[in-house]
Number of protein chains: 2
Amino acid sequence: MSKSAFAAAFIFATTGLAFAGPDHDDLPAEVQARHGLMANYALNLGVLGDMAKGKTDYNAEVAGVAAANLAAFANTDQSLLWPADTDTMSIEGTRALPKIWDDRADFDAKEADMAKAAEMVASVAGTDLAALQGAMGGVGGACGACHKLYREPK
Amino acid sequence: MSKSAFAAAFIFATTGLAFAGPDHDDLPAEVQARHGLMANYALNLGVLGDMAKGKTDYNAEVAGVAAANLAAFANTDQSLLWPADTDTMSIEGTRALPKIWDDRADFDAKEADMAKAAEMVASVAGTDLAALQGAMGGVGGACGACHKLYREPK
């Protein structure tokens, strides 16, 4: 084993727990990461949605940060998030329907639609309120299009 | 209210629940997003760490995806994640120590160190195993440096 390999092994052996997700340690790491991605969509969409709805004052800087984050999260490669046997029929604690794996190409296309819609929001969120409002519908549509087909209702 | 504002309001009113994180709905959205970010660090670091340690075979493509994701997550703007009164003294369900808010500039610097270390991994992860191993120590160090000071031990 090379010196750098040993150093890496040592660091991982001693800090392994530091990388474990803080919650739901019983769920596979991929499922925790899925939920984590949705939680980050939710936070940034909440900030943007509250402004679009007039629940909070429009703030160009904050809108720009939230929208850039949303676009960055939506553009990550999500291929590692959906391993086999992590659907509603296989494990507790997920709402991911087996249909995701049956219609994977369509599911991936809907993910790509979300990324595009988020980029559209990011391109205008810092301009003004009307521009933000005009772009939010696309994201709402992208969220709904995927959830309707591929997420178990509560 | 403009037509687009109304459309946005309608979409958010009807799909609001779709944006809620799937877990811990009792925790503030920012805390859920923090945990979600860590869960995504954990997944990608797990993939990379298992390869670096020889627990799984090195795969240049998968390593490249995981490292690019890690760098993307680490480079998001994290300013929205740490609102006041979301520390261990204020709420249950977090390990974020009050010291974060006391030493915010240092905390932010450690976040920036993590982003830099993740970019270093992303720049070499797809090259070969030795290059990946050589870069992983930097990330492990960045994780530990922040957790040691700012995260409550289990």
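Residues numbered from 1 in each chain as written. Chains lettered and ligands numbered in written order. Predicted model: local features only at pLDDT ≥ 70, side-chain atom pairs only at ≥ 80, totals over all residues. Heavy atoms only, no water.

Q: Quick rundown of the environment of Thr86 of chain B? Include the residues and the values.
A: All names here are of chain B. Looking at the element boundaries, Thr86 is found in the loop between helix H3 (60-74) and helix H4 (99-102). The exposure class assigned to Thr86 is buried, which follows from its relative accessible area of 3%. Between the alpha carbons of Thr86 and Glu30 there is a distance of 8.5 Å; along the sequence they are 56 residues apart. (Helix = DSSP H or I, 4+ residues; strand = E, 2+ residues; numbered from the N terminus. Buried < 20%, exposed > 50% of the residue type's maximum accessible area, 1.4 Å probe, protein only.)

Q: Which residues make up helix H6 (residues 129-150) of chain A, and what are the values?
A: All names here are of chain A. With 22 residues, H6 ought to run about 32 Å at 1.5 Å a step, and its terminal C-alpha atoms sit 32 Å apart, in line with that. Turning to H6, its buried residues are Leu132, Gln133, Ala135, Met136, Val139, Gly140, Ala142, Cys143, Cys146, His147 and Tyr150. Its side-chain oxygen 3.3 Å from the backbone nitrogen of Ala130, Asp128 forms the N-cap of H6. (Expected span 1.5 Å × (residues − 1). Polar contact = N/O pair within 3.5 Å; in protein donor to acceptor, adjacent residues only side chain to side chain.)

Q: Give me the packing of aromatic side chains: which residues, what numbers.
A: Counted under the stated rule, the structure contains seven aromatic pairs over all chains. The interplanar angle of 40 degrees and the centroid separation of 5.6 Å between the aromatic rings of Phe73 of chain A and Phe73 of chain B together place this pair among those described as tilted. With Phe73 of chain A in helix H3 (residues 60-74) and Phe73 of chain B in helix H3, this residue pair bridges two chains. No difference in accessibility class separates Phe73 of chain A from Phe73 of chain B, as the two residues are buried. With centroids separated by 6.1 Å and ring planes inclined at 70 degrees, the aromatic side chains of Trp82 of chain A and Trp101 of chain A adopt a geometry described as edge-to-face. Here the residue Trp82 of chain A occupies a position in the loop between H3 and helix H4 (99-102), and Trp101 of chain A occupies one in helix H4, the gap between them amounting to 19 residues. For Trp82 of chain A, a relative accessible area of 12% corresponds to the buried category. (Phe/Tyr/Trp six-rings, centres within 6.5 Å; stacked < 30°, edge-to-face > 60°.)

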